[in-house]
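Topology and contacts: notes
Residue strings, one per chain:
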Amino acid sequence: MYTKRITVDEDLRAAFAIRKQVFVKEQGVPLEDEFDQFDTLEGTCEHVLVHYNEQPVGTGRIRFINGVGKMERICILEPYRKFGLGKIIIKALEEIAEERGASQVKLHGQTQAEGFYKKLGFRTSSEIFMEDGIPHILMLKELFTTK
């Protein structure tokens with residue numbers, strides 16, 4: 001199991017395929033809502049892939065808004081859930097945030113994943129709201145940067 005930053009088109013396409021499977025096919029998110037202007041290698045986002053047995057099976061991205069890292073599009077293919085890969089993705093995104101000098105990260109977590117994010121140090125910071133027909137909550141985490 002390992003993560004890597006996405007720097008080539010081939011890896012970005014792998015991340016898109018994972019997102020399409022999880023969000024569009026499994027969860028019914030409209031295709032036009034899943035992909036946006038931040039889905040490029042040259043943009044303001046950094047994307048990561050997590051590998052299991054040398055296969056890309058999970059992904060996430062982080063973009064920066066007013067100095068805060070916003071984690072987005074975090075997902076893992078269904079057969080690979082429960083192997084701790086989500087934690088690896090979050091850690092990789094937090095490292096990117098710290099490198100960029102962010103002292104806080106946030107995410108819109110699906111309510112079914114709230115417990116998972118709480119175990120990783122996030123706190124719930126909103127009431128439930130809907131995104132693409134799925135209940136979400138805003139979650140925040142303070143980072144302890146040494147920079």
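Refer to the structure printed above.
Per chain, residues are indexed from 1 in the order of the written sequence. Note on the predicted model: pLDDT of at least 70 is required for a residue's local features to be given, and 80 or more for side-chain atom pairs to be given and counted; whole-chain, interface and lining totals, by contrast, use all residues. Excluding hydrogens and water, the side-chain figures rest on all heavy atoms present in the structure.

1. Describing the overall build of the protein chain
- For the protein chain, the count of helices and strands is four helices and eight strands.
- Think of it this way: any DSSP run of H or I at least four residues long counts as a helix, any run of E at least two long counts as a strand, and we number them from the N terminus. Secondary structure elements of the protein chain occur, N-terminal to C-terminal, as β-α-α-β-β-β-α-β-α-β-β-β.
- Against the 2.2 N^0.38 benchmark of 15 Å for 147 residues, the protein chain shows a C-alpha radius of gyration of 14 Å, consistent with a compact globule.
- Counting across all 147 residues of the protein chain, residues that qualify as buried make up 44%.
- Of all intrachain contacts in the protein chain linking residues separated by at least 6 positions in sequence, the fraction that spans at least 24 positions is 59%.
- Approximately 8,000 Å² of the protein chain is accessible, and the part contributed by carbon and sulfur atoms is 50%.
- For the purpose of counting charges, residues Lys and Arg are taken to be positive, whereas Asp and Glu are taken to be negative. His and the chain ends are not included. The location of each charge is read from NZ of Lys, CZ of Arg, CG of Asp or CD of Glu. Positive and negative side-chain charges in the protein chain, numbering 21 and 23 respectively, have mean positions lying 4 Å apart. The size measure is the radius of gyration over C-alpha atoms, and the globule rule it meets is 2.2 Å times the number of residues to the 0.38 power. Relative accessible area decides the class of each residue, using a 1.4 Å probe on protein chains only: under 20% of the type maximum gives buried, over 50% gives exposed, and in between gives partly exposed. The contact rule is simple, with two residues in contact once any of their heavy atoms fall within 4.5 Å. A 1.4 Å probe and the Shrake-Rupley method give the accessible areas. Residues count as covered only by the protein chains that appear here.

2. Observations concerning the packing of aromatic side chains
- Two aromatic rings from Phe, Tyr or Trp, using only the six-membered ring of Trp, form a pair when their centres are within 6.5 Å; if the ring planes differ by under 30 degrees the pair is stacked, by over 60 it is edge-to-face, and anything between is tilted. In total, this model carries five aromatic pairs according to the counting rule given.
- Between Phe16 and Phe35 the ring centres are 5.2 Å apart and the planes differ by 70°, which places this aromatic pair in the edge-to-face class. Placement of Phe16 in helix α1 (residues 9-26) and of Phe35 in the loop between α2 (31-34) and β2 (46-52) is noted, with a sequence separation of 19 residues between them.
- Classification of Phe35 as partly exposed rests on a relative accessible area of 24%.
- Taking 5.8 Å as the distance between ring centres and 70° as the angle between the ring planes, the aromatic pair formed by Tyr117 and Phe122 counts as edge-to-face. Residue Tyr117 shares its accessibility class with Phe122, and that shared class is buried.
- Connected via pairs of aromatic rings, a cluster forms that spans Tyr52, Tyr80 and Phe83.
- Two conditions define a charge sitting above a ring: the NZ of Lys or the CZ of Arg must be within 6 Å of the ring centre, and it must be within 35 degrees of the ring normal. For the cation-ring pair, Arg63 lies above Phe38, with the distance from its terminal atom to the ring centre recorded as 4.2 Å.

3. Section: the environment of Ile88
- Considering the arrangement of structural elements, one finds Ile88 in helix α3 (residues 85-99).
- In this structure, the C-alpha to C-alpha distance between Ile88 and Leu49, residues 39 residues apart in sequence, is 9.9 Å.
- Residue contacts for Ile88: discarding those within four places in its chain leaves Met1, Thr3 and Val50.

4. Section: the state of the cysteines
- Pairs of cysteine sulfur atoms within 2.5 Å are identified as disulfides in what follows. The final tally for this structure, using the stated rule, is zero disulfides.
- Free cysteine Cys45: the closest other cysteine sulfur is in Cys75, separated by 14 Å.
- Looking at Cys45, the relative accessible area reads 5%, which means it is buried.

5. Topic: α1
- Residue count minus one, scaled by 1.5 Å, sets the expected span of a helix. With 18 residues, α1 extends 24 Å between its outermost C-alpha atoms, agreeing within 8% with the 26 Å of an ideal straight helix rising 1.5 Å per residue.
- At every residue, the bend is computed as the angle between two fitted axes, covering the seven residues ending there and the seven beginning there respectively. Along α1, the helix axis deviates most sharply at Lys20, where the bend reaches about 30°.
- For α1, the set of buried residues is Asp11, Leu12, Ala14, Ala15, Ile18, Arg19, Val22, Phe23 and Val24.
- The inward-facing, buried residues of α1 abut β1 (2-5), α2, β2, β3 (55-65), β4 (68-76) and β5 (104-110).
- At the C-terminal side of α1, Gly28 shows a positive phi close to 75°.

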